[in-house]
Amino acid sequence: MATLATELDLPDLSWLDDPSIPHEEHRRATSEAAEEHWLVRNIFGFTVLHYDDVVAMLRDKRWHSASGQILELSGIDNPEWLARRRTSILSAEGDEHTRLRRLVGPAFSPRHADALRPYMREVVNELLDPITPTGTADFAVDFCEPYPIPIICELFGAPKEDWQLFSDWATDIFRIFNGNLEEDMPAIIKAQDELDEYVGALIERRRATPSDDLISALIAAEDEGDRLTHAELVSLCEAVLMAGTDTTRNQLGCSVSLFAAHPDQWRLLADQPELAPRAVEETMRYFGTVRGTGRFASEDIEYRGVLFPKGTFLAPNLATANRDGSVFAEPGSFDIGKEPADKPQLTFGSGNHYCLGAALARAEQQEALTILAKRLPDLRLDGDITWKPSTSGIFGPEHLPIRFTPT
Ligand code: HEM
């Protein structure tokens, strides 16, 4: 007989859902809990802490993505706002999700991502040119913040003069994760409407004159006569802007902060740029920007003798799973030179919602870290880092002061 999850005697980590808790404390408390428990309570339901359980739950399609429920979870009941909610690839499930992945998957292949590498190098160098002679920078603001925008625009085939528009839309749409929805919703809705209109017009232009960008590839995507509708194309572009911007910039911020604290590893990367792919996996394992995700039970689910009733909210904790000693040797040491584990780091997720942009995100980070290590070989911290609130779904530095020898 399975025990009802709510009847288990579990540690309660709800107090960690207070945004003022420093992130080091967050890390310490979840790591300590993971030493003894695979399951703990959080403010909405439960958190799963160990690698194998996290993977098992992310691969079990009865656990549905909670990304479509963010309004309810935030206590929003405004019917007008709830009615605007649309299914996107991030929240779709079942046949609908399988169909979307089948249609769009090929456009996000490593081959497509690799084709953008020369452009990524150009963007990295252009961002660094005004920084290197100065000897100091706020790396989060001067580099991470702008870096993903030109790349997403290039992916969409949007011109340079529209970069700022994309940047502003991304900032406003991301307010959805700031925990202040009552106040932020009007700005979020305005940005969504403007982006919809812009992307809608771009799609019409590409229908008339195809190019070699993502939108043309998605318009042409076909599987046994099936194609994406106009509304699905718009929704997908919005999902890509949402999922591909803040993640990339914050991951790079986390990674560079980590290297600044481990100068031997930074020198190793500068001396051996061929270690860049390993450096990306190791930084994402040791300090991933996405530290957890959300699922809810679409039916009663039994797992490890525990019954999770339909509707139960569950947070697979990717950060503790990435430090699970049964999978990663010496999980608490950061070393880009060591042999990779047999299993992958989980900051891109796992299962059917595994990050669609993983190949692109890997390429973006590999290119950026390689050039950064070469051009700023003695990069070090130049003061305290200001971190985003520890409850941020996509975590990283708001300000990352660095110093280096000017060139
Ligand atoms: C370092 C950068 C990135 C990280 C850490 C990251 C992480 C993730 C994670 C953890 C998920 C799964 C969420 C879940 O299971 O609930 C996900 C999904 C997704 N990501 Fe990424 N991502 C990154 C970059 C990108 C980029 C560059 C793009 C697009 C160009 C992208 C597009 C997507 C999309 C569309 C999904 C939804 C897939 C689905 O639901 O089927 N991501 N990402």
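Per chain, residues are indexed from 1 in the order of the written sequence. Owing to the predicted nature of the model, reporting of local features is limited to residues with pLDDT of at least 70; listing and counting of side-chain atom pairs is limited to 80 or more, with chain, interface and lining totals taken over all residues. Only hydrogens and water are removed before side-chain values are computed, so all heavy atoms of the structure are retained for them.

A. Looking closely at the overall build of the chain. A count of helical and extended segments in the chain gives 17 helices and 13 strands. What you see for the chain is a C-alpha radius of gyration of 21 Å, in line with the 22 Å of a compact globule of 407 residues. Based on the C-alpha atoms only, the size of the chain along its principal axes is roughly 65 × 55 × 40 Å. Put simply, the chain has 407 residues, and 52% of those count as buried. In the chain, once contacts between residues fewer than 6 apart in sequence are set aside, the share between residues at least 24 apart is 73%. Starting at the N terminus, helices and strands are each numbered in turn, a helix being any DSSP run of H or I of at least four residues and a strand any DSSP run of E of at least two. For the radius of gyration, the atom set is restricted to C-alpha positions; the globular benchmark scales as 2.2 Å times the number of residues to the power 0.38. Classification of residues uses two cut-offs on accessible area relative to the type maximum, computed with a 1.4 Å probe and protein chains only: under 20% is buried, over 50% is exposed, and between them is partly exposed. Note on contacts: a residue pair qualifies if any of its non-hydrogen atoms lie within 4.5 Å across the two residues.

B. Highlighting the coordination of the iron atom of the ligand. Only nitrogen, oxygen and sulfur atoms qualify as donors, provided they sit within 2.8 Å of the metal or within 3.2 Å for Na, K and Ca; with water excluded from the atoms, sites may seem incomplete. Looking at the protein side alone, the iron atom of the ligand has one donor only, Cys 355 (SG), at 2.3 Å. By secondary structure assignment, the location of Cys 355 is in the loop between helix 16 (318-321) and helix 17 (358-375).

C. Up close: empty space enclosed by the protein. Here the term cavity refers to a set of points on a 1 Å grid, laid over the protein atoms alone, in which a 1.4 Å probe fits but cannot get out; the term pocket refers to an open set having protein on both sides within 12 Å along at least five of seven lines, with lining residues being those that place an atom within 4 Å of a point. Grid points are joined across faces, edges and corners, and a volume is the space filled by probe spheres set on the points. Applying the stated criterion across every chain, the model contains one cavity of 30 Å³ or more. The computed volume of the largest cavity comes to approximately 40 Å³. Every residue along the wall of the largest cavity is listed here: Arg 27, Met 284, Arg 285, Gly 288, Val 290, Arg 291, Leu 318, Ala 319, Asn 322 and Thr 347. Residue composition of the lining of the largest cavity, by class: four nonpolar, three polar and three charged. Under the scheme applied, nonpolar residues are Ala, Val, Leu, Ile, Met, Phe, Trp, Tyr, Cys and Pro; charged residues are Asp, Glu, Lys and Arg; polar residues are all the others, including Gly.

D. Seen up close, the pairing of strand 9 (residues 313-316). On strand 9, burial covers both faces: Phe 313 and Ala 315 on one face and Leu 314 and Pro 316 on the other are all buried. Any two strands with at least two DSSP-identified bridges between them are counted as paired. As defined by bridge partners, strand 3 (residues 46-48) adjoins strand 9 across three bridges and the pair is classed as parallel. Counted as the bridge partner of Thr 47 is Ala 315 from strand 9.

E. Highlighting the site of the ligand. Neighbouring the ligand are 27 residues, the closest being His 97, Thr 293, Arg 295, His 353 and Cys 355. Pairing of N or O atoms within 3.5 Å defines a polar contact, subject to two protein rules: one partner must be a possible hydrogen donor and the other a possible acceptor, and residues neighboring in sequence count only if both atoms are side-chain atoms. Contact between the ligand and His 97: an oxygen atom at 2.7 Å from a side-chain N or O atom of the residue. Those elements that place two or more of their residues in the shell around the ligand are helix 5 (94-104), helix 13 (230-261) and helix 17. The element best represented in the shell around the ligand is helix 13, accounting for six residues. Across the shell around the ligand, the residue classes break down as 11 nonpolar, 13 polar and three charged. Note on terminology: near, applied to a residue and a molecule or strand, indicates that one of the residue's heavy atoms is within 4 Å of it.

F. Quick peek at the environment of Ala 201. By secondary structure assignment, the location of Ala 201 is in helix 11 (residues 181-208). In sequence terms Ala 201 and Val 234 are 33 residues apart; their C-alpha atoms lie 9.8 Å from each other.

G. Quick look at helix 14 (residues 263-271). Every buried residue of helix 14 is accounted for by Gln 265, Trp 266 and Leu 269. One face of helix 14 carries all of its buried residues, which in axial projection span an arc of 100°. In this structure, the buried residues of helix 14 make contact with helix 13, helix 15 (276-286) and helix 17. Here the arc refers to the directions that run from the helix axis out to each C-beta atom.

H. Spatial organisation of the sheet that holds strand 1 (residues 3-4). Taken together, three strands build an open sheet; the order of strands is 1-8-7 and the sheet is mixed. Of all strands in the sheet, those bounded by a partner on one side alone are strand 1 and strand 7 (301-303). By the bridge criterion, three bridges tie strand 7 to strand 8 (residues 306-308) in an arrangement that is antiparallel. Each residue of the ladder has a partner; that of Tyr 303, found in strand 8, is Val 306.

I. Examining the nonpolar core more closely. Think of a nonpolar core as a cluster: buried Ala, Val, Leu, Ile, Met, Phe, Trp, Tyr and Cys residues, connected wherever their side-chain atoms sit within 4.5 Å. Formed by 96 residues in total, the largest nonpolar core has its most connected members in Phe 139, Phe 143, Tyr 147, Phe 156, Phe 166, Leu 269 and Leu 372. Broken down by element, this core gets its largest block of residues, 14 residues, from helix 13. Phe 46, Tyr 51, Leu 58 and Val 290 belong to the second largest nonpolar core, which has 23 residues in total.

J. Highlighting the side chain of Ser 216. With respect to the helices and strands, Ser 216 occurs in helix 12 (residues 214-220). The class of Ser 216 is buried, set by a relative accessible area of 7%. The contact partners of Ser 216, leaving out residues within four places of it in the chain, are Arg 206, Pro 210 and Ser 211.

K. A look at helix 1 (residues 23-36). Taking 1.5 Å of rise per residue, the 14 residues of helix 1 would be expected to cover 20 Å, and the 21 Å separating its terminal C-alpha atoms lies within 8% of that figure. Regarding helix 1, the residues found buried are His 23, His 26, Ala 29, Thr 30, Ala 33 and Ala 34. Seen along its axis, helix 1 keeps its buried residues to an arc of 135°; they face one direction. Exposed and facing more than 90 degrees away from the buried side of helix 1 are Glu 35 and Glu 36. In this structure, the buried side of helix 1 is in contact with strand 2 (39-41), helix 16 and strand 11 (386-387). Helix span is expected to be 1.5 Å times the residue number reduced by one.

L. The arrangement of the packing of helix 14 against helix 17 in detail. Helix 17 packs onto helix 14 with a crossing angle of 100° between their chain directions and a minimal axis gap of 8 Å. Regarding the angle of helix 14 to helix 17, the classification is roughly perpendicular. Of helix 17, the residues touching helix 14 (which contributes Trp 266, Leu 269 and Ala 270) are Leu 369, Leu 372 and Ala 373. For the contact of helix 14 with helix 17, the per-class residue count stands at six nonpolar, no polar and no charged. Note on geometry: axes are C-alpha line fits, over the in-contact stretch for helices, and angles between N-to-C directions span 0 to 180 degrees. Between 65 and 115 degrees an angle is taken as roughly perpendicular, under 35 as roughly parallel, over 145 as roughly antiparallel, and anywhere else as oblique.

M. Looking closely at the sheet that holds strand 6 (residues 295-297). Sheet architecture is open: five strands sit in the order 2-3-9-6-4, paired in mixed fashion. A strand with exactly one partner marks an edge of an open sheet, and here the two such strands are strand 2 and strand 4 (63-65). In this sheet, neighbouring strand axes are inclined to one another by 35° on average, regardless of whether the strands run parallel or antiparallel.

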